[in-house]
Amino acid sequence: MTTLAIIGGTGLTQLSDLTLIKRDKLDTPYGAPSADFITGELKHQQVVFLARHGNPHTIAPHKINYRANIWGLKQLGVERIIAVAAVGGITSAMAPRHIAIPDQIIDYTYSRKHTFFEDENYPVTHIDFTYPYSPSLRAQLIAAAADAHISVSPTGTYGCTQGPRLESTAEIKRMEQDGCDVVGMTGMPEAALAKELGMEYAAISVVANWAAGKTEGEITMAEIEQHLHVGMANVAAILKSFIAR
Ligand code: HPA
């Protein structure tokens, strides 16, 4: 079994039930990762956990050092990453608290350090990104959700915006026309960087709110927190069943 990592997003800054083995504070050629890497054991499987926004949650999506995070995981021998992240729901199935295992991604971010292949140390490299999420890891997550009796959408297109603000109604309309099902702020460049280093990467998207303009009125943080609380309990159940398989 290859080494597994879980990157936790908003609402998942630590993994309960993980028996601590070690804590690594790593430095990387790209600077400091978001937090210490926590290696632990869950159901006799070794798992590395990283809090994407730091622990406590202080780093905004556009400020996350994605390269340091992915580089650090690679240094620790991680070969498979499950990335958990809150999203806004755009298409009709993506109601608050629902979970999707996306199969496609569209990048709307800008000015993020988005590649390891940017200087003269590397030859010009164009990785394939036809399937941004590992089909086999996705299939295992979908099966784990079924084992845990949690209904998930087995596909979906994740649109990644720059943040930290939420979107305008017109931006969400445009994203829907582009084919996005959910919107988040952290999926890119994380997915691409993992692929650049040859790691398997899949995501669990937890819907925290209807995206802008999909309901009357404005989106409140209170609503997001309430839905995430329930959604993340389901994510924890999926992760446990994934690891037990
Ligand atoms: N937009 C972008 N990112 C998000 C949202 C949203 O509506 N909800 C949770 N993360």
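Look a little higher up for the structure.
Because the structure is predicted, anything quoted here is derived from the model rather than measured.

(A) Highlighting the overall build of the protein. A count of helical and extended segments in the protein gives 5 helices and 11 strands. For the protein, whose C-alpha radius of gyration is 17 Å, the value lies close to the compact-globule estimate of 18 Å for 245 residues. Within the protein, buried positions represent 51% of all 245 residues. Here the contacts in the protein between residues at least 6 apart in sequence split such that 81% fall between residues at least 24 apart. Treating the 20 positive side-chain charges of the protein as one cloud and the 25 negative ones as another, the clouds have centres 3 Å apart.

(B) Molecular detail of helix H5 (residues 221-244). In this model, H5 (24 residues) spans 34 Å end to end at C-alpha, consistent with the 34 Å of a helix rising 1.5 Å per residue. At His229, H5 is bent by approximately 25 degrees, the largest bend along its length. Considered for burial, the residues of H5 that qualify are Ile224, His227, Leu228, Gly231, Met232, Val235, Ile238, Leu239, Ser241, Phe242 and Ile243.

(C) Main features of unusual backbone geometry. In this chain, Asn55 is followed by Pro56 through a cis amide linkage whose omega measures 5 degrees. Here Pro56 shows up in the loop between strand E4 (45-51) and helix H1 (66-75). With an omega of 0 degrees, the peptide bond between Gly163 and Pro164 qualifies as cis. As for its position among the elements, Pro164 is in the loop between strand E9 (157-160) and helix H3 (169-178). Even without glycine at this site, Lys43 takes up a positive phi of about 50 degrees. With respect to the helices and strands, Lys43 occurs in the loop between strand E3 (37-42) and E4.

(D) Spatial organisation of the site of the ligand. Surveying the vicinity of the ligand reveals the residues Ala86, Val87, Gly88, Leu166, Glu167, Val183, Gly184, Met185 and Asn209. In the model, a nitrogen atom of the ligand is placed 3.4 Å from a nitrogen or oxygen of the Gly88 main chain. Glu167 has a polar side-chain atom sitting 2.8 Å from a nitrogen atom of the ligand. For the ligand, the accessible surface in isolation is 260 Å², of which the surrounding protein chains cover 93%. Contributing elements (two or more residues each) for the shell around the ligand: strand E5 (78-89) and strand E10 (182-184). Sort the elements by how many residues they give to the shell around the ligand and E5 lands first, with 3 residues. Partitioned by chemical class, the residues of the shell around the ligand number 5 nonpolar, 3 polar and 1 charged.

(E) Representation of the pattern of salt bridges. Scanning the model with the defined rule gives 9 salt bridges in all. Here Asp147 makes a salt bridge to Arg245, at a shortest N to O gap of 2.6 Å. In this pair, Asp147 is assigned in helix H2 (residues 135-147) and Arg245 in the segment after H5, connecting sequence segments 98 residues apart. One salt-bridge network, held together by shared partners, links Arg23, Lys25 and Asp36.

(F) Molecular detail of the environment of Ile82. Residue position: Ile82 is located in strand E5. It is 5.5 Å that separates the C-alpha atoms of Ile82 and Ala203, two residues lying 121 residues apart in sequence. In contact with Ile82, not counting residues within four places along its chain, are Leu4, Ala5, Ile6, Ile7, Leu141, Ala202, Ile204, Leu239 and Phe242.

(G) Expanded view of the packing of aromatic side chains. The tally for this structure, following the rule as stated, stands at 4 aromatic pairs. Ring geometry for Tyr30 and Trp71: centres 5.2 Å apart, planes at 70 degrees, overall edge-to-face. Of this pair, Tyr30 sits in the loop between strand E2 (19-24) and E3 while Trp71 sits in helix H1; the two residues are 41 residues apart in sequence, bridging distant segments of the chain. Centre to centre, the rings of Trp71 and Phe116 are 5.4 Å apart; their planes meet at 50 degrees, and the pair counts as tilted. Within this pair, whereas Trp71 is found in helix H1, its partner Phe116 is found in the loop between strand E7 (104-107) and H2, the two being separated by 45 residues in sequence. A connected cluster of aromatic rings, assembled from ring pairs, spans Tyr30, Trp71 and Phe116.

The rules behind these values
Residues numbered from 1 in each chain as written. Predicted model: local features only at pLDDT ≥ 70, side-chain atom pairs only at ≥ 80, totals over all residues. Heavy atoms only, no water. Helix = DSSP H or I, 4+ residues; strand = E, 2+ residues; numbered from the N terminus. Rg over C-alpha atoms; globule rule 2.2 N^0.38 Å. Buried < 20%, exposed > 50% of the residue type's maximum accessible area, 1.4 Å probe, protein only. Contact = heavy atoms within 4.5 Å. Lys, Arg positive; Asp, Glu negative; His and termini not counted. Charge placed at Lys NZ, Arg CZ, Asp CG, Glu CD. Expected span 1.5 Å × (residues − 1). Bend = angle between axes of the 7 residues up to and from the residue. Near = heavy atom within 4 Å. Polar contact = N/O pair within 3.5 Å; in protein donor to acceptor, adjacent residues only side chain to side chain. Areas by Shrake-Rupley, 256 points an atom, 1.4 Å probe, with all protein chains shown as cover. Nonpolar A, V, L, I, M, F, W, Y, C, P; charged D, E, K, R; others polar. Salt bridge = Lys/Arg side-chain N within 4 Å of Asp/Glu carboxyl O. Phe/Tyr/Trp six-rings, centres within 6.5 Å; stacked < 30°, edge-to-face > 60°.

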